[in-house]
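This is what each chain is made of:
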Amino acid sequence: MLNSPRTTTISSPGTGRGSGSADRRVPVAVSAPDPISREGAISQLLRHPEIELREESGPGTVALLVEDALDEAALTRLRRIVRSEGARAVLVIGAMRENELLDVVECGVGAIVWRHEATAGRLVQAVLAASRDDGDLPADLLGRLIRQVGTLHRGAAGRTSAPFGLTPREVDVLRLVSEGFDTGEIAGKLSYSERTVKNVMHGLTTRLHLRNRAHAVAFALREGYI
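A brief look at the structure comes next. (Residues numbered from 1 in each chain as written. Predicted model: local features only at pLDDT ≥ 70, side-chain atom pairs only at ≥ 80, totals over all residues. Heavy atoms only, no water.)

1. What to know about the overall build of the protein chain
Here comes step 1: The number of helices and strands found in the protein chain is 9 helices and 7 strands.
Here comes step 2: Across the 226 residues that make up the protein chain, the buried fraction comes to 50%.
Here comes step 3: Summed over all atoms, the accessible surface of the protein chain reaches about 10,600 Å², with 49% contributed by carbon and sulfur. (Helix = DSSP H or I, 4+ residues; strand = E, 2+ residues; numbered from the N terminus. Buried < 20%, exposed > 50% of the residue type's maximum accessible area, 1.4 Å probe, protein only. Areas by Shrake-Rupley, 256 points an atom, 1.4 Å probe, with all protein chains shown as cover.)

So, in structure tokens, the structure goes:
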């Protein structure tokens, strides 16, 4: 089982880490396996005026799912919320096996919070990151994702390459995204404008049908680009 007290945020182009949501409220729907867990998460979110609680998830909302552990039913719920309902997802999880992590990311989940770390501030941080299509993963999970995808890539050595690729500019941007840099920092390191960084990320996620920044990083790792 995995756990960690640290987190790493993968920022989306056009937003900085820690940027707030002062000019709008983020609609959030909470789902949990029992009433106590659900009411606990709701009570944490109610403290923050930037959060608008909803009964149901849908396009434009953030679905916050509280789970003790992952099973096929939980993965099915995640896929339905992201792919069918069009919501962004935050997973609050008690424990996760390493081989389940890539499944979660590929479901379209970009923000994960350990249940034992689920304070009001931590939940809001993850919700705001998800609302911006950023990634917010515990640091140990990001490291294990990198190693897991690297193992998959090495195991696939010699097979026919996928019929798409990344440009050197896209690889440079994604490498810095995976290290947690925000748009302004990436622009400064690569001597690009922030608009260029935003356009690069938008272009590759649209072209490759990637759901969010964490999914883009996972794709680049799996294909051996970073």
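Alright, that's what it looks like, and here's the rest.
2. A word on helix α9 (residues 213-222)
Here comes step 1: In terms of burial, α9 is a largely internal element, 9 of the 10 residues being buried.
Here comes step 2: Listed in full, the buried residues belonging to α9 are R213, A214, H215, A216, V217, A218, F219, A220 and L221.
Here comes step 3: Looking at the residues trailing α9, positive phi occurs at G224, about 80°.

3. Thoughts on the side chain of E170
Here comes step 1: Within the element layout of this structure, E170 appears in helix α6 (residues 168-178).
Here comes step 2: Taking relative accessible area as the criterion, E170 reaches 6% and is therefore assigned buried.
Here comes step 3: In terms of polar contacts, E170 uses its side chain to reach the side chain of R207, at 2.9 Å.
Here comes step 4: When near neighbours in sequence (up to four residues on either side) are disregarded, E170 contacts G165, V200, L204 and R207. (Polar contact = N/O pair within 3.5 Å; in protein donor to acceptor, adjacent residues only side chain to side chain. Contact = heavy atoms within 4.5 Å.)

4. Examining the layout of surface pockets
Here comes step 1: In this model, the second largest pocket occupies a volume close to 170 Å³.
Here comes step 2: Contributing to the lining of the second largest pocket are V82, G86, A87, R88, A89, G108, G110, A130, D133, D134, R211 and N212.
Here comes step 3: Split by residue class, the lining of the second largest pocket holds 4 nonpolar, 4 polar and 4 charged. (1 Å grid on protein atoms, 1.4 Å probe; cavity = no way out; pocket = protein on both sides within 12 Å on 5 of 7 lines; lining within 4 Å. Points joined across faces, edges and corners; volume = space filled by probe spheres on them. Nonpolar A, V, L, I, M, F, W, Y, C, P; charged D, E, K, R; others polar.)

5. Side note on the nonpolar core
Here comes step 1: Ranked by internal contacts, the top residues of the largest apolar core, which has 24 residues, are L70, L91, M96, V104 and I112.
Here comes step 2: If near-sequence neighbours (up to four positions away) are discounted, L91 is found in contact with L65, E67, L70, M96, V104, V109, A111, I112 and V113.
Here comes step 3: Residues V28, I51, L64 and V90 belong to the second largest nonpolar core, which totals 20 residues. (Core = buried A, V, L, I, M, F, W, Y, C linked by side-chain atoms within 4.5 Å.)

6. Details of the pairing of strand β4 (residues 62-67)
Here comes step 1: Across the 6 residues of β4, 6 count as buried, placing the element largely inside the fold.
Here comes step 2: In this sheet, β4 lies alongside strand β2 (residues 26-31) in parallel orientation, the contact comprising 4 bridges. Of the residues in β4, the one forming a bridge with S31 is L65.
Here comes step 3: Across 6 bridges, the pairing between β4 and strand β5 (residues 88-93) is parallel. Among the inter-strand pairings, E67 is bridged to a residue of β5, identified as I93.
Here comes step 4: As a crossover connection, the stretch from β4 through helix α2 (residues 72-84) into β5 is right-handed. (Pairing = 2+ DSSP bridges. Right-handed = clockwise from strand over helix to strand, strands pointing away.)

7. Re unusual backbone geometry
Glycine aside, negative phi is the norm for most residues, and most peptide bonds take the trans geometry.
Here comes step 1: For S191, which is not a glycine, the phi torsion comes out positive at approximately 60°.
Here comes step 2: With respect to the helices and strands, the residue S191 is situated in the loop between α7 (183-190) and α8 (194-207).

8. A look at helix α4 (residues 120-131)
Here comes step 1: With 12 residues, α4 extends 16 Å from end C-alpha to end C-alpha; this agrees with the ideal 16 Å at 1.5 Å per step.
Here comes step 2: Within α4, the full set of buried residues consists of A120, R122, L123, V124, A126, V127, L128, A129, A130 and S131.
Here comes step 3: Two residues or fewer past α4, D133 is found with a positive phi of approximately 65°. (Expected span 1.5 Å × (residues − 1).)

9. Observations regarding the environment of A32
Here comes step 1: Relative to the helices and strands, A32 resides in the loop between β2 and α1 (35-45).
Here comes step 2: Distance from A32 to D68, taken between C-alpha atoms, is 9.2 Å for residues 36 residues apart in sequence.
Here comes step 3: Beyond its immediate stretch of four places on either side in the chain, A32 contacts S37, R38 and V66.

Function cannot be read off these values alone, since they describe shape.
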